[in-house]
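A closer look at the structure
So you can see what is in the structure, the chains are spelled out below.
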Amino acid sequence: MHTEAWQSVLQEIDNTRSIHLRDAFAEDPRRAERFTARAAGWTLDYSKNRISPALMKRLVEWAEASNLRGEIEAMFTGQPINATENRAVLHTALRNLSGEPVLVNGHDVMPDVRAVRERMAAFCEDVRRGVWRGHTGKPIRDIVNIGIGGSDLGPAMACEALKPYAKRSLRLFFVSNIDATHLAEVLRQVRPEQTLFIIASKTFTTQETLTNALSARQWLLGRLGGDTAAVARHFVAVSTNRQKVEAFGIDPANMFGFWDWVGGRYSLPSAIGLPLMLAIGPRAFERMLKGYHAMDKHFRTAPFERNLPVILGLLGILYANGYGAETHAVLPYDQYLARLPAYLQQLDMESNGKSIDRQGQRVRHTTGPIIWGEPGTNGQHAFYQLIHQGTRLIPCDFIGFCRSQNPMGDHHEKLMANFIAQTEALAMGKTAIQCRAEGVPDALIPHKTFEGNRPTNTLLADELNPQTFGALIALYEHKVFTQGILWNIFSFDQWGVELGKVLAGKVLEELKAETTPPLSHDASTNALIMRLRQAQGRT
Ligand code: F6P
C-alpha cells in the first residue's frame with residue numbers, strides 16, 4: 001500500500017482536510033452530479049464525502065497503479081487468487097448468464113453450475129406444488145434451514161429481503177446457533193409431517209450444523225414413528241462434501257452440490273440459496289442472478305471513476321486510512337433489509353479482518369472496518385446521536401428505494417424524508433450562528449451545534465426486487481474485493497476462526513469428562529471449566 005501513488009493520495013487528503021462539505025457544495029453547483037454514478041438499477045450519490053475531483057483522481061490512479069484491473073480479471077478468469085488455500089474464487093460463475101465458459105484448470109465449470117441449478121429448480125417446483133410429499137403423504141409446509149455463517153446469513157437475509165415475492169404458504173425458519181434454544185423454539189412451531197430440513201454446510205464438518213442436524217433427525221424420527229425411511233422425505237443437504245453427507249445418512253440423490261471455489265460468505269447464489277429458491281421460486285431466483293450478473297459486468301468493465309464497487313471501496317479506505325475511522329455503518333431504509341448489516345458483517349469482516357499482507361508480513365496500515373447498522377428509522381432513535389455529535393468519524397451507507405412494497409398512507413414519504421434529511425444533517429450540520437438566530441440561549445449553543453462534515457453514501461433504487469437485490473449484494477462483494485486488493489491482504493480465507501474451534505474441542509472434552517481432568521489452561525480458563533463442571537454435578 002505504501003507506494004508513490006498512495007503518497008499522492010495522502011497529500012491530496014491533506015489538501016481537502018480543511019474543506020467543509022457545506023462550502024464544497026456552495027462552491028460547486030455541479031457537485032452532486034459530478035459525484036453520482038449509476039449501474040444495474042442503482043444510483044450512488046457519493047457527493048456528501050470529504051472528496052474533491054483531484055482527490056478522486058488520485059484515488060483512482062492509485063487503484064490503477066495497484067493493478068486492481070489485473071486482479072479483477074484474475075478473479076473472473078478463475079486464477080487461484082485464494083492463495084493460502086490454493087483455490088480459484090468464482091462466485092461470479094454462479095451468476096454468469098453470458099453463455100461464456102468459465103475455466104478452472106482448463107475445465108469449464110458452467111455446465112455443472114447450470115445442472116445443479118436445474119436440479120434445484122425441479123426440486124423447488126415439486127415442493128412448491130405439493131408434488132414432493134413427506135413420509136406420511138402430506139405436502140411440505142415448513143422449511144427449516146440448518147446452517148451457520150455463510151450457510152445461514154445469506155439465505156436468511158435474502159428470504160427476508162424478498163418476502164414480497166415469496167409463496168406465503170411455505171414457512172421458512174433458520175437455525176444456526178448451537179444453543180439448543182434456537183432449534184427447540186423452531187421445532188415448537190413446525191409440523192413434523194410437513195417439515196423439510198435443509199442441512200446446509202459447505203464442509204459438512206461444522207459442529208453447530210451437525211449437532212443441530214442430528215437433533216432435528218432424532219426429533220423427526222421420534223415424531224414419525226422411528227422409521228428411518230422418513231429421513232429421505234424430510235432431509236436434503238447442500239454441501240461440497242458428498243462423502244460426509246452420505247455418512248450422515250442423507251441420500252446423495254437429495255444433495256445439492258457446489259464447489260470449493262465458492263467461499264461460504266459468497267455462496268448465496270449457489271445451492272446454498274435453496275431456501276430462497278423454495279420461497280420465491282426458480283424464476284424470481286433467476287432474476288436475482290440477473291441483478292448479480294449486471295453488477296459483475298459493471299465491476300469488470302466500467303472505468304474506475306464510474307465503477308460503483310471501486311468507488312465505495314476507495315471511499316472506505318479514505319476514511320479508514322486517511323482519517324482513522326474504525327467503523328462503517330450500513331443503514332438500510334427498508335424493513336425487508338433488516339438482516340443486511342448482519343450479512344455484511346460476515347462478508348466484510350471475515351474477508352478483510354486480516355493483519356498479514358500477501359507477502360506474509362504484518363501490515364503497517366489499518367484494514368477491514370467494523371461493520372454495523374440497523375434499519376432506518378429505528379437507528380435514528382438509538383445510535384444516530386453518536387454519529388451526529390460523537391467524537392468519532394463514522395462513514396455511513398444509506399440504502400433506500402423510491403417505491404415501497406407496502407404502500408400505506410404516507411409512510412413511505414415519511415420514511416424517505418428521514419432518509420434524505422439524515423444525510424443532509426450529517427453533511428451540513430448546524431452552526432452556532434444558526435442556533436443564535438433561532439434564539440437558543442448562549443449556554444446551550446455548544447450542545448445544539450452540529451459540526452456536520454460527516455460523510456455518507458446514498459444508494460437509491462426504484463424498488464427492492466430480485467434484480468436490485470442481487471445487484472446490491474454483488475456491489476458489496478466487489479467493494480470488499482477492491483479493498484482487499486488495495487490493502488494487499490487475502491480476502492478469501494478465514495484462518496482466524498480456527499483457533500477458537502480447536503480449543504472448544506479440548507474444553508468440551510474437559511467439561512464432559514467423568515472424573516476431574518488435569519487442566520493445563522491459564523488460571524481463568526481452568527476456573528471457568530471447574531465452575532461449569534460443578535454446576536453440572538461433576539467435580
Ligand atoms: O467458521 C467460519 C466458517 O468457516 C465460515 O466461513 C462459514 O461460512 C461457516 O463457518 C460455515 O461453514 P460450513 O458451511 O462449512 O458449515
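So, how was this worked out
Residues numbered from 1 in each chain as written. Predicted model: local features only at pLDDT ≥ 70, side-chain atom pairs only at ≥ 80, totals over all residues. Heavy atoms only, no water. Helix = DSSP H or I, 4+ residues; strand = E, 2+ residues; numbered from the N terminus. Rg over C-alpha atoms; globule rule 2.2 N^0.38 Å. Buried < 20%, exposed > 50% of the residue type's maximum accessible area, 1.4 Å probe, protein only. Contact = heavy atoms within 4.5 Å. Areas by Shrake-Rupley, 256 points an atom, 1.4 Å probe, with all protein chains shown as cover. Lys, Arg positive; Asp, Glu negative; His and termini not counted. Charge placed at Lys NZ, Arg CZ, Asp CG, Glu CD. Pairing = 2+ DSSP bridges. Axes fitted to C-alpha atoms, helices over the stretch in contact; angles between N-to-C directions. Patch = residues over 30% accessible without salt bridge, like charges linked within 9 Å, V, L, I, M, F, W, Y side chains within 5 Å. Salt bridge = Lys/Arg side-chain N within 4 Å of Asp/Glu carboxyl O. Polar contact = N/O pair within 3.5 Å; in protein donor to acceptor, adjacent residues only side chain to side chain. Near = heavy atom within 4 Å. 1 Å grid on protein atoms, 1.4 Å probe; cavity = no way out; pocket = protein on both sides within 12 Å on 5 of 7 lines; lining within 4 Å. Sits in = over half its atoms within 2 Å of the grid points. Points joined across faces, edges and corners; volume = space filled by probe spheres on them. Nonpolar A, V, L, I, M, F, W, Y, C, P; charged D, E, K, R; others polar.

Concerning the overall build of the protein chain
- Within the protein chain, the secondary structure is distributed over 21 helices and 13 strands.
- The C-alpha atoms of the protein chain give 25 Å as radius of gyration, which agrees with the globular expectation for 539 residues (24 Å, within 12%).
- Dimensions along the principal axes, computed over C-alpha positions, put the protein chain at roughly 75 × 60 × 55 Å.
- Taking all 539 residues of the protein chain together, the buried fraction comes to 53%.
- Long-range contacts, defined here as pairs at least 24 residues apart, represent 74% of the contacts in the protein chain between residues at least 6 apart.
- A total of about 23800 Å² of accessible surface is found on the protein chain, and carbon and sulfur atoms cover 51% of it.
- The centroid of the 59 positive side-chain charges in the protein chain is displaced by 4 Å from the centroid of its 55 negative side-chain charges.

Brief notes about the sheet that holds strand β8 (residues 235-239)
- With parallel pairing, the five strands of this open sheet are ordered in space as β6-β5-β7-β8-β9. Two strands bound the open sheet, and with one partner strand each, they are β6 (171-175) and β9 (255-257). On average, adjacent strands in this sheet sit at an angle of 20° to one another, irrespective of strand direction.
- Relative to strand β7 (residues 195-200), strand β5 (residues 142-146) runs parallel, the two sharing five bridges. Each bridged residue has a counterpart across the sheet, and for D142 the counterpart in β7 is T195.
- Where helix α6 (residues 110-129) meets the sheet, it contacts β7, β8 and β9, and its direction lies at approximately 145° from that of β9.
- Strands in contact with helix α8 (residues 180-187) are β5, β6 and β7; relative to β6, the strand with the most contacts, it is inclined by about 165°.

A word on a positive patch on the surface
- A surface patch of like charges, here positive, comprises R129, R283, R287 and K290.
- With three residues, helix α12 (residues 274-301) is the single largest residue contributor to the positive patch.
- Take R129: it is sitting in helix α6.

Quick word on the side chain of S239
- Note on placement: S239 falls in strand β8.
- In terms of polar contacts, S239 uses its side chain to reach the backbone carbonyl oxygen of K202, at 3.1 Å.

With respect to the site of the ligand
- The local shell around the ligand holds 13 residues, among which S151, S201, K202, T203 and T206 are the closest.
- Residue S201 places a side-chain N or O atom 2.6 Å away from an oxygen atom belonging to the ligand.
- In the environment of the ligand, an oxygen atom lies 2.8 Å from a nitrogen or oxygen atom belonging to the side chain of E350.
- Isolated, the ligand exposes 390 Å² of accessible area, and the fraction of that covered by the protein chains is 87%.
- Judged by the fraction of its atoms near the pocket grid, the ligand is located in the largest pocket.

Topic: the layout of surface pockets
- Roughly 970 Å³ of volume is contained in the largest pocket.
- Surrounding the largest pocket, 38 residues form its lining, T203, T206, Q494, V497 and K501 being those nearest its centre.
- Only α9 (207-223), α14 (340-352) and α20 (498-512) provide two or more residues apiece to the lining of the largest pocket.
- Among the elements that line the lining of the largest pocket, the one with the most residues is α20, at four residues.
- Of the residues that constitute the lining of the largest pocket, the class distribution is eleven nonpolar, 18 polar and nine charged.

Section: the sheet that holds strand β13 (residues 456-461)
- Read across the sheet, six strands follow the order β1-β2-β13-β12-β10-β11 without closing on themselves; strand pairing throughout is mixed. The open sheet has two free edges, formed respectively by β1 (36-39) and β11 (370-372), since each of these has just one partner strand. Along the sheet, successive strands turn relative to each other by an average axial angle of 15°, direction set aside.
- As judged from the four bridges shared by β1 and strand β2 (residues 42-45), these two strands associate in the antiparallel manner. Across the sheet, residue A37 finds its bridge partner in β2, namely L44.
- Across the sheet, α14 lies against β10 (327-332), β11 and β12 (396-401), angled at about 165° from β11, the strand it touches most.
- The strands touched by helix α16 (residues 411-428) within the sheet are β12 and β13, with β12 carrying the most contacts at an inclination of about 155°.

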